[in-house]
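# Report on the structure
What follows is the residue order along each chain.
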Amino acid sequence: MYPVTLNVTGRRCLVVGGGWVALRKVEGLIAEGAQVTVVTPEAVEPLATLQKDQAIALEKRAYQSGEAAAFSLVFAATDDREVNRRVSEDAASAGVWVNVADDPALCTFHLPARVRRGSLQLSIASGGESPFVVRRLRAFLERRFGPEWTAWIEAAGRFRGAVRALGLPRDEMERRYDLFFDSTVDTRQIRARVPAAEELAGWLSPDTEKPGSGRAENGKGSQAGVASLDRATGRAGLVSLVGGGPGDAGLLTLRGRQRLMSAEAVVYDRLAATALPCDLPANVGLHCVGKEAGHHPVPQEEINALLVRLAREGKRVVRLKGGDPYVFGRGGEEAEALAAAGVLFEVVPGVTSGIAVPAYAGVPPTHRQEAVRVTLLTAHESKKEEGPQVRWDLLAADPHATLVGYMGVTSLPHVVERLIAGGMNRLTPAAVVERGTTSAQRVIRSTLAELPAAVERARIEPPALFIIGTVVRHADTMDWFGKRPLSGERLVIASPGGDLGTELDMCGAEVVELPLPVTPAARVVLGALPLTGCVLRSPAEVDALDEERDGPGWDASKVVAWCLRPAAAERARLLGWRNVVHLPDEKPGAVIRAMVRG
């Protein structure tokens, strides 16, 4: 097979078939600007919606012999191999390229599996011989190539434009491209980051040995072609700094959801991914600028510049942040940058982790006649040798306060050391909560002195909060979240989930309701945390979700396919789903009992 990339913009393409497999072909063609005709006696609802929106021509009839010859590209995706064969022969006779789903012998071209990060595309193919290898390689690459590659390829495109504008000789241009790549890509970890404005200025300067020249600060300055801040807009943009809450999607505020659903661009942190509405329109631009411990792929000044740039394009922009924007979320810095640039902005407060996470761990931050003060702090302050902004001695001496620390894994030993040195009782109850309010929540409780060792034994990883104070002792009796029967389960169900979805949620499962077809935002949500199961009510739902099994969040060896009807179970097994369980009783109570039994 000879690999090629086709430009199908404006070309007439035929899709024969009306199921979920055909729908995926149609969506891909529409995304690339093709003129799509669908021929099928019956069509799934999303195809009818696309016809209503005039995105495709839908002809509800049987395929007619010879009609494939009138198109530039043809796809056959029916359940009838005889129809697929006729389509293939007609297209081949007319010299038209044809692809037949799941039948390599009838294809004159194959569609590779793709991993997409913005305009960056990685294709994997085996010539139709080893599709199981292709699927597993795609799943591997989906996990290894994080969402930061989208912002990176955009930055690379802007940098190339800026370099070309300098009019340099070819070798000088290539030297600058090498600087960009070698400085921003970790080839061992397969990670990328967006360079800071000062780095870009240095690489673009006549003397590339001076990387600090042309410094841009807080998004106020930029280099031509790198961070275009054109003020020529059709209408005034607006940036909404929205707090996405601590992780539980149900804690997103009403106004936060309203702003998201009316946005044209969403700039989101990694920890805010679960708050993205799965039904966010597919045309909304998604920009991941997420940070994690020890890895900040997009520097803060570039985030500021991105917000300004999108707003000056006249867009309604949501900057979605975990927790509350102004509680250790650097929202204040972004607000200052927007104000300095003359960009309209608003703040939509969110539920901060410092209050919600203790509640989900069974710890009341305040308690009558016991804890009357709460201190929220960042654990990083404990590492500052000169000029710390936290009086650890005063905190240690207050027996009626609760300390809640953000970013508290790597710095925890320093925090404990300073508190004990300040006079706090070594036996003070303490806890660390990992991934609080989500299905991945883990709680470690100990005494203050023993907490760092307990956290290390449990291999707690960021994001995590620590809670120190006498109120931690109430967790034994107040742990409501971890005691629910389906606690720890993260289940996918096609939207609307109905009564079953509600009951699953009430019993402690984290329920992800997916619209079909699956939206880009829903894919981000799926990959935010590991899934444990998928509730399937029909063969059509199995087909619709089958393609998603290669994405982040899915571990084929662990995800259970809970099938409510025999036909769904049969289809799942046919497509190679593992851990298929048929539940003969569809009533919510019976489904939940079966899940609890495992």
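Look above for the structure.
Residues numbered from 1 in each chain as written. Predicted model: local features only at pLDDT ≥ 70, side-chain atom pairs only at ≥ 80, totals over all residues. Heavy atoms only, no water.

## Quick word on the packing of aromatic side chains
In total, this model carries 14 aromatic pairs according to the counting rule given. A ring pair is formed by Phe159 and Tyr177, whose centres lie 6.4 Å apart and whose planes are at 70°; its orientation type is edge-to-face. You can see Phe159 sitting in helix α5 (residues 148-165) and its partner Tyr177 sitting in helix α6 (residues 170-184), a full 18 residues away along the chain. The burial state of Phe159 is the same as that of Tyr177; both residues are buried. Taking 5.0 Å as the distance between ring centres and 25° as the angle between the ring planes, the aromatic pair formed by Phe159 and Phe180 counts as stacked. Of this pair, Phe159 sits in helix α5 while Phe180 sits in helix α6, and the two are 21 residues apart along the sequence. One exposure class covers both Phe159 and Phe180, and it is buried. (Phe/Tyr/Trp six-rings, centres within 6.5 Å; stacked < 30°, edge-to-face > 60°. Helix = DSSP H or I, 4+ residues; strand = E, 2+ residues; numbered from the N terminus. Buried < 20%, exposed > 50% of the residue type's maximum accessible area, 1.4 Å probe, protein only.)

## Concerning the sheet that holds strand β19 (residues 464-468)
Read from one edge to the other, the open sheet built from five strands follows the order β15-β16-β19-β17-β18, with strand pairing classed as mixed. In this open sheet, the two edge strands, each paired with only one partner strand, are β15 (373-378) and β18 (442-447). For this sheet, the mean angle separating the axes of adjacent strands, direction not counted, is 15°. Across six bridges, β15 lies against strand β16 (residues 401-406) in parallel orientation. Following the sheet pairing, Leu376 is matched in β16 by Val404. Across the face of the sheet, helix α14 (residues 451-458) comes into contact with β17 (429-434) and β18 while running at roughly 150° to β18. (Pairing = 2+ DSSP bridges. Axes fitted to C-alpha atoms, helices over the stretch in contact; angles between N-to-C directions. Contact = heavy atoms within 4.5 Å.)

## Things to note about the layout of surface pockets
The calculated volume of the second largest pocket comes to roughly 820 Å³. Asp248, Ala249, Gly250, Asp505 and Val511 are, among the 35 residues lining the second largest pocket, the residues nearest its centre. Mapped by element, the contributors of at least two residues to the lining of the second largest pocket are α16 (498-506) and β21 (510-514). Per-element accounting of the lining of the second largest pocket gives the leading share, five residues, to α16. Within the lining of the second largest pocket, the residues separate by chemical class into 15 nonpolar, 12 polar and eight charged. (1 Å grid on protein atoms, 1.4 Å probe; cavity = no way out; pocket = protein on both sides within 12 Å on 5 of 7 lines; lining within 4 Å. Points joined across faces, edges and corners; volume = space filled by probe spheres on them. Nonpolar A, V, L, I, M, F, W, Y, C, P; charged D, E, K, R; others polar.)

## Comments concerning helix α13 (residues 412-421)
Residues separated by three or four positions in an α-helix point in the same direction, a consequence of the helix having 3.6 residues per turn. Within the sequence span of α13, burial applies to Leu412, Val415, Val416 and Leu419. Along the axis of α13, the buried positions cluster into a sector of 95°, meaning they face one direction only. The exposed set on the far side of α13, more than 90 degrees from its buried face, consists of Glu417 and Ala421. Contacts made by the buried residues of α13 are with α12 (392-396), β16, β17, α14 and β19. Just beyond α13, the residue with positive phi is Gly423, at close to 110°. (Arc of directions from axis to C-beta.)

## A word on the packing of α13 against α14
Close contact between α13 and α14 brings their axes to 9 Å; oriented N to C, the two are set at 165°. For the element pair α13 / α14, the angle class is roughly antiparallel. Between α13 and α14 the crossing geometry is right-handed. Contacts between α13 and α14 involve Leu412, Pro413 and Val416 on the former and, on the latter, Leu451, Pro452 and Val455. Residue composition of the contact of α13 with α14, grouped by class: six nonpolar, no polar and no charged. (Parallel < 35°, antiparallel > 145°, perpendicular 65-115°, else oblique. Left-handed = near helix turned anticlockwise from the far one by under 90°.)

## Structural notes on the nonpolar core
Core analysis: the biggest nonpolar cluster contains 43 residues, and Trp149, Phe159, Phe180 and Val239 have the highest contact counts within it. No other element matches the nine residues that α5 contributes to this core. Contact partners of Val239, with chain neighbours within four places excluded, come to Leu307, Ala311, Val317, Arg319, Leu338, Val343, Leu344, Phe345 and Glu346. Of all hydrophobic cores here, the second largest spans 40 residues; its members include Ala272, Trp554, Cys563 and Trp577. (Core = buried A, V, L, I, M, F, W, Y, C linked by side-chain atoms within 4.5 Å.)

## A short note on the packing of helix α1 (residues 20-31) against helix α2 (residues 45-52)
Relative orientation of the contacting elements α1 and α2 amounts to 35°, with a least axis distance of 9 Å. For the pair α1 and α2, the contacting residues are Trp20, Leu23, Val26 and Ile30 in the first and Pro46, Leu47 and Leu50 in the second. Partitioning the contact of α1 with α2 into residue classes produces seven nonpolar, no polar and no charged.

## Section: unusual backbone geometry
Backbone torsion omega between Pro462 and Pro463 reads 0°, so that peptide bond is classified as cis. Relative to the helices and strands, Pro463 is located in the loop between α14 and β19. In this model, Ser495 is joined to Pro496 through a cis peptide bond whose omega is 0°. On the secondary structure map, Pro496 appears in the loop between β20 (490-494) and α16. Positive phi is not limited to glycine here, since Gln369 has a value of about 60°. Turning to its location among the elements, Gln369 is positioned in the loop between α11 (353-360) and β15. Note on Gln369: relative accessible area 69%, which makes it exposed. The phi dihedral of Arg459 is positive, around 55°, even though this residue is not glycine. Relative to the helices and strands, Arg459 resides in the loop between α14 and β19.

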